[in-house]
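Breakdown of the fold
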Amino acid sequence: MQPSDASQSRTVLVTGATGYIGGRLVPRLLEAGHTVKVLVRSPQKIADVPWRGQVEVLQDSLDDAGRLTSTLEGVDVLYYLVHSMAAGSGFEEKEEAMARLVAGAAAGAGVDRIVYLGGLHPDNALLSTHMRSREKVGRAFLESPVDSIVFQAGVVIGSGSASFEMIRHLADTLPVMPAPSWVKNRIEAIAVRDVLHYLVAAAALPDRLNRTFDIGSRDVLTYKDMMNEYAAERGLPRRLVIALPVPAPKLAGLWVALVTPIPLSMSFPLVQSLQHDAVSREQAVDRYIPQPDGGLTPYRRAVALALGKERGGQVETTWANAGIDADPLPSDPDWAGYKVFLDERTFHSEAAPEHVWTVIEGIGGSNGWYSLPLAWRLRGWLDKLQGGAGLLRGRRHPKTLGTGEVVDWWRVETIDRGRLLRLRAEMRAPGRAWLELSVEPDGAGSLYRQRAIFFPRGLSGRLYWLGVYPFHGIIFPSMARNISAAAAALQETSAGSAGSKVAGDTP
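Remember, it's a predicted structure, so these values are computed and weren't measured experimentally. (Residues numbered from 1 in each chain as written. Predicted model: local features only at pLDDT ≥ 70, side-chain atom pairs only at ≥ 80, totals over all residues. Heavy atoms only, no water.)

**Some points on a nonpolar patch on the surface**
Together, Val176, Leu240, Ile242, Leu244 and Val246 make up an exposed nonpolar region whose accessible area comes to about 390 Å². Tracing the sequence through the fold places Val176 in strand E8 (residues 176–179). (Patch = residues over 30% accessible without salt bridge, like charges linked within 9 Å, V, L, I, M, F, W, Y side chains within 5 Å. Areas by Shrake-Rupley, 256 points an atom, 1.4 Å probe, with all protein chains shown as cover. Salt bridge = Lys/Arg side-chain N within 4 Å of Asp/Glu carboxyl O. Helix = DSSP H or I, 4+ residues; strand = E, 2+ residues; numbered from the N terminus.)

**Quick word on the packing of helix H5 (residues 162–173) against helix H8 (residues 249–259)**
Contact geometry of H5 with H8 gives a least axis separation of 10 Å together with a crossing angle of 80 degrees. With respect to H8, the axis of H5 lies roughly perpendicular. For the pair formed by H5 and H8, the contact residues are Met166, His169, Leu170 and Thr173 on the first element and Trp255, Val256 and Val259 on the second. Residue composition of the contact of H5 with H8, grouped by class: five nonpolar, two polar and no charged. (Axes fitted to C-alpha atoms, helices over the stretch in contact; angles between N-to-C directions. Parallel < 35°, antiparallel > 145°, perpendicular 65-115°, else oblique. Contact = heavy atoms within 4.5 Å. Nonpolar A, V, L, I, M, F, W, Y, C, P; charged D, E, K, R; others polar.)

**Brief notes about the sheet that holds strand E1 (residues 11–15)**
With respect to topology, seven strands assemble into an open sheet ordered E3-E2-E1-E4-E5-E6-E11, the strand pairing being parallel. Across the chains shown, the open sheet's two edge strands, defined by having one partner strand only, are strand E3 (56–59) and strand E11 (211–215). With direction set aside, neighbouring strand axes in the sheet form an average angle of 20 degrees. Taken together, the five bridges between strand E6 (residues 147–153) and E11 define a ladder with parallel strand orientation. Along E11, the bridge assignment pairs Val150 with Thr212. Contacts from helix H6 (residues 192–202) reach strand E4 (77–80), strand E5 (113–119), E6 and E11 within the one sheet, and its direction differs from that of E5 by about 160 degrees. (Pairing = 2+ DSSP bridges.)

**A short note on helix H1 (residues 20–31)**
An α-helix turns once every 3.6 residues. As a result, residues three or four positions apart point the same way. Taken across its twelve residues, H1 has ten buried, putting it largely inside the fold. Buried residues of H1: Tyr20, Ile21, Gly22, Gly23, Arg24, Leu25, Val26, Pro27, Leu29 and Leu30, and no others. Here the buried face of H1 lies against E1, strand E2 (35–40), E4, E5, strand E7 (156–157) and H6. (Buried < 20%, exposed > 50% of the residue type's maximum accessible area, 1.4 Å probe, protein only.)

Following this line, the structure appears as structure tokens:
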């Protein structure tokens, strides 16, 4: 059975549009001719995405059935792409209850279809908490009055995906890897482009279809083979992966968190999801949705595409950009009543403001922080050991930033391009921290301003600031000087390039 007319425009609502899959799905739904709404808690997180002006943005949460029913009025297809990496007591019950509430609201609003992306898992296996939660969420939709399509996918390979980052950093960093026994498990990965192909096609499937579909590349490898196929594509020597006769999911999760950008809160569920084979049990999806042009993407090809996107600075979304919301920085007049610590620096640069801004917007990631790299790395490792983000998250694009994107352990809270960049810290600390970098014209050059802001939490927050303050006295002044020097060098290079071009154009 083939899908109905794919050109039929539907009104779709996407939840999880700030996430890795949702952020890529929205523009493809628009390309398919659908009217798209997105439901987000923080609209500012999508303020700079290219498709922002083409969608209706609804600010709300998913925990109020009455408001949600009203929000879903007129929606034909609901994409449910929300899944927390949280844990703790009652996690599964909360996720399932949320799914049932959403399904009930969708039924009350007359939604035709719910589309959900879950995980591949074997039958009758003792699943991890997160895999079990995804299975329960999918079942909640299938048991609801609304026809539902539940796709079940394994490891998703694409630029910026958590699974790809985990494979990439392990293979890049470790030529020899003692590993738990699960590296011998069979895994059927799937390219992110193929996941999106299936998700978009689901909007045009025939009515009265309520079922799961296993989706994958049909290219089945062990996890060990996946790392070596990655290494081969990168031109690295074959990695020696030694499978030890122990599963050790917690130890492996800790090791993954230390070696890769993935924080502990994600590395544990990712590693736990690898405890079993993850291979499609059926291929019924072929009867309903044609394969993409050129067929499904083999694993090695998916790796090559992901690496190419990263080299070309074309990463659309990353797992890290789907971070938690946090309170914005209180404005300066409202600081009365708060205890706040500040470290402020200014530096006059001979470079024009646009060159200083280029350095500011390119800060972090492979470009570094322009001061004592070893100190930044040590702080990153300490943060990782505490379950924080660390420095390895990098950034999506080497030169440009958008609101809500990550830069190592920071997240872009405000960007006034050409003038101000405000970063909110996501490292583990007893308080809230921000870093502001700004530039303004100053005579023939520019004035660079740098401000570190810390709102301590209790006595531990005050002691923390006193402990790090001596290091700030070394790091922040050199950071200001080096950013200004980098801007001056950039201006000199730009002037030289322009001069060479003019000379070359002269008859």
